[in-house]
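Inside the fold
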Amino acid sequence: MYLVFKDSNGINFADPELHDLEELLISLDNILSKILVEIKTSTNPEADRLFERGEYFMGVGFCAMQRYLIDILDCKNIEKEKALKLGPTSKEGIPIAEIINSAGNYWKHSPEWNMWVKDPDNRAQKIMGHIVSSDGAFWYPLSNLLAELCGNQKLLLHNCIPYLKEWRLSIHIELTKNKKITN
């Protein structure tokens, strides 16, 4: 949950959950940075399980971001499905909040992926399927996703924070527009 206040710079947020998330993502990024160095120096990063290790820590990060999305919606009168469609979108027009939510679900449920894909209407499955098939790189979808979200920036989880801030602002604007909250 966040609090909103106005100052000379406009709308600002008191958001302790975001601070905690940033701290966690930076810790995970330290691990990922070491893994990336190991990948560059390894003669066989696949056999050394370096890609899998990277996916694991990225998955933890996406789950933490997913938790943040839900924290923001705490005590807000907005449906989760509607809220996840707000805010910034990917190059393909998919809402980033939905992508992050899907990535968290994917990582949590990837051991049961074979069962999960049997539901053709599963939105998270469709989003992750799009991410997986966009590069043809099925085995490391979270790496592909993070690379897409980071663009030209370094492959780091905390580079997703600006998307989350923009999404939080869009939630606030939507709720204010509909007079469900006050400033």
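What comes next concerns the included structure. For clarity, every value in this text was computed on a predicted model and none was experimentally measured.

Digging into the overall build of the protein
- A tally of regular secondary structure across the protein gives eight helices and two strands.
- When burial is assessed residue by residue, the protein has 44% of its 183 residues classed as buried.
- Sequence separation of 24 or more characterises 62% of the internal contacts of the protein that already satisfy a separation of 6 or more.
- With an accessible surface of roughly 10100 Å², the protein has 54% of that area assigned to carbon and sulfur atoms.

Focus: the pairing of strand 1 (residues 3-7)
- Taken together, the five bridges between strand 1 and strand 2 (residues 10-14) define a ladder with antiparallel strand orientation. When the sheet's bridge partners are listed, Phe 5 is paired in strand 2 with Asn 12.
- What sits between strand 1 and strand 2 in their antiparallel hairpin is a turn of two residues.

Some points on the pattern of salt bridges
- Scanning all chains against the criterion turns up five salt bridges.
- Linking Asp 71 and Arg 67 is a salt bridge whose minimum nitrogen-to-oxygen distance equals 3.1 Å. One end of the pair, Asp 71, and the other, Arg 67, are both in helix 2 (residues 50-73), four residues apart, so they sit about a helical turn from each other.
- Residue class for Asp 71 comes out buried when judged on its relative accessible area of 17%.
- Under the relative-accessibility criterion, Arg 67 is labelled exposed at 56%.
- A salt bridge links Lys 177 to Glu 174, with the nearest nitrogen and oxygen atoms 3.1 Å apart. You can see Lys 177 and its partner Glu 174 sitting in helix 8 (residues 161-177), three residues apart, about one turn around the helix.
- Exposure remark for Lys 177: the relative accessible area of 56% places this residue in the exposed category.

Structural notes on helix 4 (residues 96-109)
- For helix 4, built from 14 residues, the straight-helix expectation of 20 Å at 1.5 Å per residue is met to within 8% by its first-to-last C-alpha distance of 20 Å.
- Summarising burial for helix 4: eleven of the 14 residues are buried, a large majority.
- Within the sequence span of helix 4, burial applies to Ile 96, Ala 97, Glu 98, Ile 99, Ile 100, Asn 101, Ser 102, Ala 103, Gly 104, Asn 105 and Tyr 106.

Section: the packing of helix 1 (residues 16-41) against helix 2
- Between helix 1 and helix 2, the shortest axis-to-axis distance is 10 Å and the interhelical angle comes to 170°. When the axes of helix 1 and helix 2 are compared, the pair comes out roughly antiparallel. Residues Glu 17, Leu 18, Leu 21, Leu 24, Leu 25, Leu 28, Ile 31, Leu 32, Ile 35, Glu 38 and Ile 39 of helix 1 lie in contact with helix 2, whose contacting residues are Leu 50, Phe 51, Arg 53, Gly 54, Phe 57, Met 58, Val 60, Gly 61, Ala 64, Met 65, Tyr 68 and Asp 71.
- Looking at the contact of helix 1 with helix 2 residue by residue, the class counts come to 17 nonpolar, two polar and four charged.

Points about the nonpolar core
- Counting 41 residues, the largest nonpolar core has Leu 21, Phe 62, Met 65, Leu 157, Leu 164, Trp 167 and Ile 171 as the members making the most contacts within it.
- Where this core is concerned, the elements lending two or more residues are helix 1, helix 2, helix 3 (80-84), helix 4, helix 7 (141-150) and helix 8.
- It is helix 2 that provides the largest number of residues to this core, a total of ten residues.
- Leaving out residues up to four positions away in the same chain, Phe 62 has contacts with Ile 100, Ala 103, Gly 104, Leu 142, Leu 145, Leu 146, Leu 149 and Leu 157.

Some points on helix 7
- Of all ten residues that make up helix 7, eight are buried, and the element is covered over most of its length.
- Buried residues of helix 7: Pro 141, Leu 142, Ser 143, Asn 144, Leu 145, Leu 146, Leu 149 and Cys 150, and no others.

A look at unusual backbone geometry
- Even without being glycine, Arg 49 reaches a positive phi, approximately 60°.
- Along the chain, Arg 49 turns up in the loop between helix 1 and helix 2.
- With relative accessibility at 49%, the residue Arg 49 sits in the partly exposed group.

What counts and how
- Residues numbered from 1 in each chain as written.
- Predicted model: local features only at pLDDT ≥ 70, side-chain atom pairs only at ≥ 80, totals over all residues.
- Heavy atoms only, no water.
- Helix = DSSP H or I, 4+ residues; strand = E, 2+ residues; numbered from the N terminus.
- Buried < 20%, exposed > 50% of the residue type's maximum accessible area, 1.4 Å probe, protein only.
- Contact = heavy atoms within 4.5 Å.
- Areas by Shrake-Rupley, 256 points an atom, 1.4 Å probe, with all protein chains shown as cover.
- Pairing = 2+ DSSP bridges.
- Salt bridge = Lys/Arg side-chain N within 4 Å of Asp/Glu carboxyl O.
- Expected span 1.5 Å × (residues − 1).
- Axes fitted to C-alpha atoms, helices over the stretch in contact; angles between N-to-C directions.
- Parallel < 35°, antiparallel > 145°, perpendicular 65-115°, else oblique.
- Nonpolar A, V, L, I, M, F, W, Y, C, P; charged D, E, K, R; others polar.
- Core = buried A, V, L, I, M, F, W, Y, C linked by side-chain atoms within 4.5 Å.

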